[in-house]
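Listed below are the residues making up each chain.
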Amino acid sequence: MPLFKKGSTSSASNYRPISLLSCIGKLMERVMYKHIYNHLHDNNLIYSKQSGFLKGHSTVYQLLDIYHQICQAIDAKQYTCMIFCDISKAFDRVWHKGLLFKIKQNGINGTILKWISNYLTNRNQRVFVGASLSNNRDIMELVFHMGLFWDPYFFLCMLMTLQIIYLA
């Protein structure tokens, strides 16, 4: 089911796909997410400066940290350089095998990893607009289905590599 984001309503790129799941599917997602989040938290796998996608955290904290670092550099008469990347569409296409590899790197394996793998594979989609419904189409390997409860966890898994590069 496409959900309008912004811009021209006549452009398909201005719509975000959302997943419609059964109540049981949604419940299972939440149970799995909580289990995985607890694993990441208990094993200190979440980057300490991660400010989005976590309960009680906000990107405002990240902005305050950047501001503080700039002020410290100015006080110390040092140069400051920043690079900002727009990753707003970064998760529209994700290599599923790469995502599963990153999930496994974070210590999620066995039955849970197999369940996630099965969840990501052999999926199909169709579009519902007004009273019209398209035929089913297979979801390609690189296309990620948005609107799932645990999308933020998957996004964090993909970002963890960037955080390692930042720390180096």
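Residues numbered from 1 in each chain as written. Predicted model: local features only at pLDDT ≥ 70, side-chain atom pairs only at ≥ 80, totals over all residues. Heavy atoms only, no water.

*Asks:* Explain the overall build of the chain here, please?
*Replies:* Looking only at helices and strands, one finds five helices and six strands in the chain. Going from N to C terminus, the chain has its helices and strands arranged as β-β-α-α-α-α-β-β-β-β-α. (Helix = DSSP H or I, 4+ residues; strand = E, 2+ residues; numbered from the N terminus.)

*Asks:* Explain unusual backbone geometry to me, please; I cannot follow it from the model alone.
*Replies:* Leaving glycine out, the prevailing phi sign among residues is negative, and the prevailing peptide bond configuration is trans. A positive phi angle, near 50°, is found at N44, a position not held by glycine. Secondary-structure assignment places N44 in the loop between α1 (23-42) and α2 (59-75). Phi at K77 takes a positive value of approximately 55°, unusual for a residue other than glycine. Position of K77 among the secondary structure elements: in the loop between α2 and α3 (96-105).

*Asks:* Would you mind going over the packing of α3 against helix α4 (residues 110-120) with me for this structure?
*Replies:* Two measures define how a pair of helices packs: the angle their axes make with one another and the distance between the axes. Orientation of α3 relative to α4, taken along the N-to-C sense of each, is 165°, at an axis distance of 11 Å. Regarding the angle of α3 to α4, the classification is roughly antiparallel. Read as a crossing pair, α3 and α4 show a hand that is right-handed. The residues of α4 that touch α3, namely those facing H96, L99, L100, I103 and K104, are L113, I116, S117 and L120. Each residue belonging to the contact of α3 with α4 can be placed in one class, and the counts come to six nonpolar, two polar and one charged. (Axes fitted to C-alpha atoms, helices over the stretch in contact; angles between N-to-C directions. Parallel < 35°, antiparallel > 145°, perpendicular 65-115°, else oblique. Left-handed = near helix turned anticlockwise from the far one by under 90°. Contact = heavy atoms within 4.5 Å. Nonpolar A, V, L, I, M, F, W, Y, C, P; charged D, E, K, R; others polar.)

*Asks:* Whenever I open this one, the confidence of the model for the chain confuses me. Can you help?
*Replies:* Keep in mind that low pLDDT regions are not for reading the predicted coordinates in detail. The predicted model of the chain has a mean per-residue pLDDT of 77, with 78% of residues at 70 or higher. When pLDDT is averaged over each helix and strand of the chain, the minimum, 65, is found for helix α5 (residues 151-167) and the maximum, 89, for α2. (pLDDT = per-residue confidence, 0-100.)

*Asks:* Explanation requested: the packing of aromatic side chains in the structure shown.
*Replies:* The geometry of an aromatic ring pair comes down to the distance between the two centres and the angle between the two planes. Throughout the structure, instances matching the rule amount to two aromatic pairs. On the numbers, 6.2 Å between centres and 20° between planes, the contact of Y33 with Y37 is stacked. With Y33 and Y37 both in helix α1 and four residues apart, this pair spans about one turn of that helix. Judged by relative accessible area, Y33 falls into the buried class, the value being 17%. Look at W115 and Y119: their rings are 5.1 Å apart centre to centre, the planes differ by 20°, and that puts the pair in the stacked class. Placement of the pair is W115 and Y119 together in helix α4, with a separation of four residues, close to one helical turn. Its relative accessible area of 13% is what places Y119 among the buried residues. (Phe/Tyr/Trp six-rings, centres within 6.5 Å; stacked < 30°, edge-to-face > 60°. Buried < 20%, exposed > 50% of the residue type's maximum accessible area, 1.4 Å probe, protein only.)

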